[in-house]
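# Results of the structural survey
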Amino acid sequence: MKNMIAAFTAILLLVSVNAIAVNKHAKMSPDAMRRYKAGLSVAAMTKNLQFDFAKANLRPIYNERLTQLAKLLVEGNYPIILRGHADAVGSRVPNWQLSQKRADAIKDFLVSKGVSAAKIVTTPFGSTIPVASNRTAEGRQRNRRVEIRLS
C-alpha cells in the first residue's frame with residue numbers, strides 16, 4: 001500500500017511539474033518564445049561532439065550543427081572554448097595529444113566558416129575528466145568528446 005501511495009504521489013508531482021512548464025510557455029510573449037527557442041538551438045549547437053576511437057576526424061553528422069554555430073559566433077562576435085577529451089584507453093600523453101587534436105579539428109572547421117581564430121580557445125584534458133565509466137564501450141564513447149562553451 002505504501003508503494004502505491006508513493007507511486008501515485010510521484011505521478012501527481014510529475015503531472016504538476018509538466019503543467020507548470022506548459023503553462024509557463026503558454027504565457028510567454030511571441031518575442032520571449034522566440035528567445036527561448038533560440039536558447040534551445042544554441043544548447044543543441046553546443047552539445048558535446050563525439051569522436052571515433054583514436055581519431056580526431058569530425059563526423060559528417062556534425063557539419064550542419066557546426067556551420068550553424070559558426071554563423072552564430074560570427075554574427076555575435078562571441079568567444080568560444082573548445083575542451084578536448086579522450087577515453088582512458090592507452091597512456092596519458094597520447095590521450096592528451098589526441099584530445100588537443102580533437103579540439104583543433106573543431107577549431108579548424110569553425111575558422112573555415114569565418115570564425116576568428118583569435119576568438120577560439122582550445123584546451124586538452126586527455127582522459128582526466130570522464131563523463132561516463134571507461135569500463136564500458138558506451139562510456140568510453142561518451143568520453144571521446146569535445147565540449148563547446150560560449151564565453
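It should be emphasised that the depicted structure is a prediction, and the values quoted were computed from it without experimental measurement.

### Things to note about the overall build of the protein chain
Helix and strand counts for the protein chain stand at five helices and four strands. If you list the helices and strands of the protein chain from N to C, you get α-α-β-α-β-α-β-α-β. For the protein chain, the residues scored as buried account for 28% of the 151 residues in total. Relative to all contacts within the protein chain whose residues are 6 or more apart in sequence, the contacts with residues 24 or more apart total 71%. Within the structure as shown, the protein chain displays about 9,600 Å² of accessible surface, and the carbon and sulfur contribution to it stands at 61%.

### Quick look at the nonpolar core
Membership of the largest hydrophobic core comes to 18 residues, with the highest contact counts inside it found for Leu 66, Leu 69, Ile 80, Leu 82, Ile 106, Leu 110 and Ile 148. Residues in contact with Ile 80, not counting those within four places in the same chain, are Leu 69, Leu 73, Leu 110, Lys 119, Ile 120, Val 121, Ile 148, Arg 149, Leu 150 and Ser 151.

### Examining the sheet that holds strand β2 (residues 80–84)
As summarised here, the arrangement of the four strands in space is β1-β4-β2-β3, forming an open sheet in which the pairing is mixed. Two strands close off the open sheet at either side, each with one partner strand: β1 (49–50) and β3 (120–124). By the bridge criterion, five bridges tie β2 to strand β4 (residues 145–150) in an arrangement that is antiparallel. By the bridge assignment, Ile 81 is partnered in β4 with Arg 149. Along the sheet, helix α3 (residues 63–76) makes contact with β1, β2 and β4, crossing β4 at roughly 25°. Running at roughly 165° to β3, helix α4 (residues 92–112) makes contact with β1, β2, β3 and β4 of the sheet.

### A few points about α4
Here α4 contains 21 residues, and its C-alpha end-to-end distance of 30 Å stays within 8% of the 30 Å for a straight helix at 1.5 Å per residue. Taken residue by residue, α4 has Asn 95, Leu 98, Ser 99, Arg 102, Ala 103, Ala 105, Ile 106, Phe 109 and Leu 110 as its buried positions. The buried residues of α4 occupy an angular sector of 140° when the element is viewed end-on, so they sit on one face. In this structure, α4 carries Lys 101, Asp 108 and Ser 112 as exposed residues pointing more than 90 degrees from its buried face. Where α4 is buried, its residues contact β1, α3, β2, β3 and β4.

### Digging into the confidence of the model for the protein chain
Of the residues in the protein chain, 73% have a pLDDT of 70 or more, and the chain-wide mean is 83. Ranking the helices and strands of the protein chain by mean pLDDT puts α4 first, with 98, and helix α1 (residues 2–26) last, with 46. Segment residues 6–25: pLDDT under 50, and two contacts once partners within four positions in sequence are set aside and those in other chains are kept.

### As for unusual backbone geometry
Backbone geometry places Ala 54, a non-glycine residue, at a positive phi of 60°. Here Ala 54 shows up in the loop between β1 and α3. Here Asn 77, not a glycine, exhibits a phi torsion of approximately 55°, which is positive. If you trace the backbone, Asn 77 turns up in the loop between α3 and β2.

### Focus: the packing of α3 against α4
In contact at an axis separation of 9 Å, α3 and α4 are set at 60° when each is read in the N-to-C sense. Judged by the angle between their axes, α3 and α4 are oblique. Viewed along their axes, α3 and α4 form a crossing whose handedness is right-handed. Together, Asn 63, Leu 66, Thr 67, Leu 69, Ala 70 and Leu 73 of α3 and Ile 106, Phe 109 and Leu 110 of α4 make up the contact between the two elements. Its residues assigned to classes, the contact of α3 with α4 comprises seven nonpolar, two polar and no charged.

Reading the values: the criteria
Residues numbered from 1 in each chain as written. Predicted model: local features only at pLDDT ≥ 70, side-chain atom pairs only at ≥ 80, totals over all residues. Heavy atoms only, no water. Helix = DSSP H or I, 4+ residues; strand = E, 2+ residues; numbered from the N terminus. Buried < 20%, exposed > 50% of the residue type's maximum accessible area, 1.4 Å probe, protein only. Contact = heavy atoms within 4.5 Å. Areas by Shrake-Rupley, 256 points an atom, 1.4 Å probe, with all protein chains shown as cover. Core = buried A, V, L, I, M, F, W, Y, C linked by side-chain atoms within 4.5 Å. Pairing = 2+ DSSP bridges. Axes fitted to C-alpha atoms, helices over the stretch in contact; angles between N-to-C directions. Expected span 1.5 Å × (residues − 1). Arc of directions from axis to C-beta. pLDDT = per-residue confidence, 0-100. Parallel < 35°, antiparallel > 145°, perpendicular 65-115°, else oblique. Left-handed = near helix turned anticlockwise from the far one by under 90°. Nonpolar A, V, L, I, M, F, W, Y, C, P; charged D, E, K, R; others polar.

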